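For reference, the chains in residue letters:
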Amino acid sequence: MVETRDISTHGFYFNIAHAFQVGTEFEFSISLPIEVTGATQAYVSGKARAVRVEETGESNPGWSGVGAIIESYQISRGELGKS
């Protein structure tokens, strides 16, 4: 589990305690805050690709900051995995 720092319609940035390389393709699922979606929990899931990887510095040794572009996605409401 990771926490996103920034998110937009085309991509997102997150910190993770794993090595990542530019070009790495991965699947993601993001829980959107109820303050944004209203009374029902919503999730965005899909496929993304790392386009920027940087060390997060001495405050989090071994962690990487990853900028990813969203290649495909779907939005669901309610419990994760259910439409």
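About the criteria used
Residues numbered from 1 in each chain as written. Predicted model: local features only at pLDDT ≥ 70, side-chain atom pairs only at ≥ 80, totals over all residues. Heavy atoms only, no water. Helix = DSSP H or I, 4+ residues; strand = E, 2+ residues; numbered from the N terminus. Contact = heavy atoms within 4.5 Å. Core = buried A, V, L, I, M, F, W, Y, C linked by side-chain atoms within 4.5 Å. Buried < 20%, exposed > 50% of the residue type's maximum accessible area, 1.4 Å probe, protein only. Pairing = 2+ DSSP bridges. Polar contact = N/O pair within 3.5 Å; in protein donor to acceptor, adjacent residues only side chain to side chain.

Draft legend 1. Up close: the side chain of Ser45. Take Ser45: it is sitting in strand S4 (residues 42–55). Those residues in contact with Ser45 that lie beyond four places of it in its chain are Phe28, Ser29, Ser72, Tyr73 and Gln74.

Draft legend 2. Broad picture of the nonpolar core. If you look at the biggest cluster of nonpolar residues, it comprises 13 residues, and the most contacted ones within it are Phe12, Phe14, Phe20, Phe26 and Phe28. At the level of secondary structure, the elements contributing two or more residues to this core comprise strand S2 (11–16), strand S3 (25–32), S4 and strand S5 (64–77). When sequence neighbours within four positions are dropped, the list of residues in contact with Phe28 reads Phe12, Val44, Ser45, Gly46, Lys47, Ala48, Ile70, Ser72 and Tyr73.

Draft legend 3. Structural view of the environment of Ala48. For Ala48, the location among the structural elements is in strand S4. A sequence separation of 29 residues divides Ala48 from Arg77, and the C-alpha atoms of the two residues are 20 Å apart. In contact with Ala48, other than residues within four places in its own chain, are Phe12, Thr24, Glu25, Phe26, Phe28, Ala68, Ile69, Ile70 and Glu71.

Draft legend 4. Inspection of the pairing of S5 at higher detail. Across six bridges, S2 lies against S5 in antiparallel orientation. Residue pairing for S5: Asn15 is matched across the bridge by Gly65.

Draft legend 5. Representation of the environment of Glu54 in the model. For Glu54, the location among the structural elements is in strand S4. When the C-alpha positions of Glu54 and Gln21 are compared, they lie 9.4 Å apart, and in sequence the two are 33 residues distant. Apart from the residues lying within four places of it in its own chain, the contact partners of Glu54 are Tyr13, Trp63, Ser64 and Gly65. In this structure the side chain of Glu54 is engaged in a polar contact, spanning 2.5 Å, whose partner is the side chain of Tyr13.

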